[in-house]
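Tertiary structure, described
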Amino acid sequence: MKNEAQLIAACLERVKSADEIVVVDTGSTDNTCDVIRSLGLPNLRLSEGEYKWNDHFAEARNFALGKTSMPWVLSIDADNLLEPGGVRKAR
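Residues numbered from 1 in each chain as written. Predicted model: local features only at pLDDT ≥ 70, side-chain atom pairs only at ≥ 80, totals over all residues. Heavy atoms only, no water.

1. Comments concerning the overall build of the chain
- A count of helices and strands for the chain gives 4 helices and 2 strands.
- The helix and strand sequence of the chain, counted from the amino end, reads α-β-α-β-α-α.
- Computed over C-alpha atoms, the radius of gyration of the chain comes to 12 Å, within 12% of the 12 Å expected from 2.2 N^0.38 for 91 residues, which places it in the range of a compact globule.
- Taking the principal axes of its C-alpha atoms as reference, the chain extends roughly 35 × 25 × 20 Å.
- Expressed as a percentage of the 91 residues in the chain, the buried residues total 33%.
- Split by element, the accessible area of the chain, about 6,000 Å² in all, is 51% carbon and sulfur. (Helix = DSSP H or I, 4+ residues; strand = E, 2+ residues; numbered from the N terminus. Rg over C-alpha atoms; globule rule 2.2 N^0.38 Å. Buried < 20%, exposed > 50% of the residue type's maximum accessible area, 1.4 Å probe, protein only. Areas by Shrake-Rupley, 256 points an atom, 1.4 Å probe, with all protein chains shown as cover.)

Right, here's the structure in full:
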């Protein structure tokens, strides 16, 4: 994600029951990362400053996948909202 301060909290609220949440920041210049940290989700790992955006969505997604430790991964963008109960349904 990049510069998603307005949307990221709602997105993460819908997935907070996941076993693991990995968020990769691709160069935000707003307070997106502060918003994420303020949520206090114990199962969240924020990758900040590790990935430099290069206009290649697949590469960014693969970088994020490399940060996960679970055998199954649900990948969503910050401007997507999983339906209520979506994590349970995905499991």
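2. Brief notes about the environment of I21
- Tracing the backbone shows I21 in strand 1 (residues 21-24).
- With 46 residues separating them in the primary sequence, I21 and K67 have C-alpha atoms 9.8 Å apart.
- Leave out the neighbours within four places in its chain, and I21 touches L12, V15, K16, L41, N43, L44 and R45. (Contact = heavy atoms within 4.5 Å.)

3. Considerations on the nonpolar core
- M1, I8, L12, I21, V23, I36 and L44 are the most contacted members of the largest nonpolar core, which totals 16 residues.
- Excluding anything up to four places from it in sequence, I36 contacts M1, I8, L12, V23, L44 and L46. (Core = buried A, V, L, I, M, F, W, Y, C linked by side-chain atoms within 4.5 Å.)

4. What to know about the confidence of the model for the chain
- Across the chain, pLDDT averages 95, with 100% of residues at or above 70.
- Here helix 4 (residues 86-90) is the element of the chain with the lowest mean pLDDT, 93, and helix 2 (residues 32-38) is the one with the highest, 98. (pLDDT = per-residue confidence, 0-100.)

5. What about unusual backbone geometry?
- Positive phi is not limited to glycine here, since N3 has a value of about 50°.
- Checked against the element boundaries, N3 lands in the segment before helix 1 (8-15).
- Residue N3 is classed as partly exposed on the basis of its relative accessible area of 33%.
- Of note in the backbone geometry, D55 takes a positive phi value of approximately 60° without being a glycine.

6. Quick look at the pairing of strand 1
- In this sheet, strand 2 (residues 44-47) lies alongside strand 1 in parallel orientation, the contact comprising 4 bridges. Bridge assignment links V22 to a residue of strand 2, and that residue is R45.
- For the handedness criterion, the β-α-β arrangement of strand 1, helix 2 and strand 2 is classed as right-handed. (Pairing = 2+ DSSP bridges. Right-handed = clockwise from strand over helix to strand, strands pointing away.)

7. With respect to the packing of aromatic side chains
- Inspection of every chain in the model, using the stated rule, returns 2 aromatic pairs.
- An angle of 45° between the planes, with centres 5.1 Å apart, marks the rings of Y51 and F63 as tilted. One end of the pair, Y51, is in the loop between strand 2 and helix 3 (57-65); the other, F63, is in helix 3, and 12 residues separate them in sequence. (Phe/Tyr/Trp six-rings, centres within 6.5 Å; stacked < 30°, edge-to-face > 60°.)

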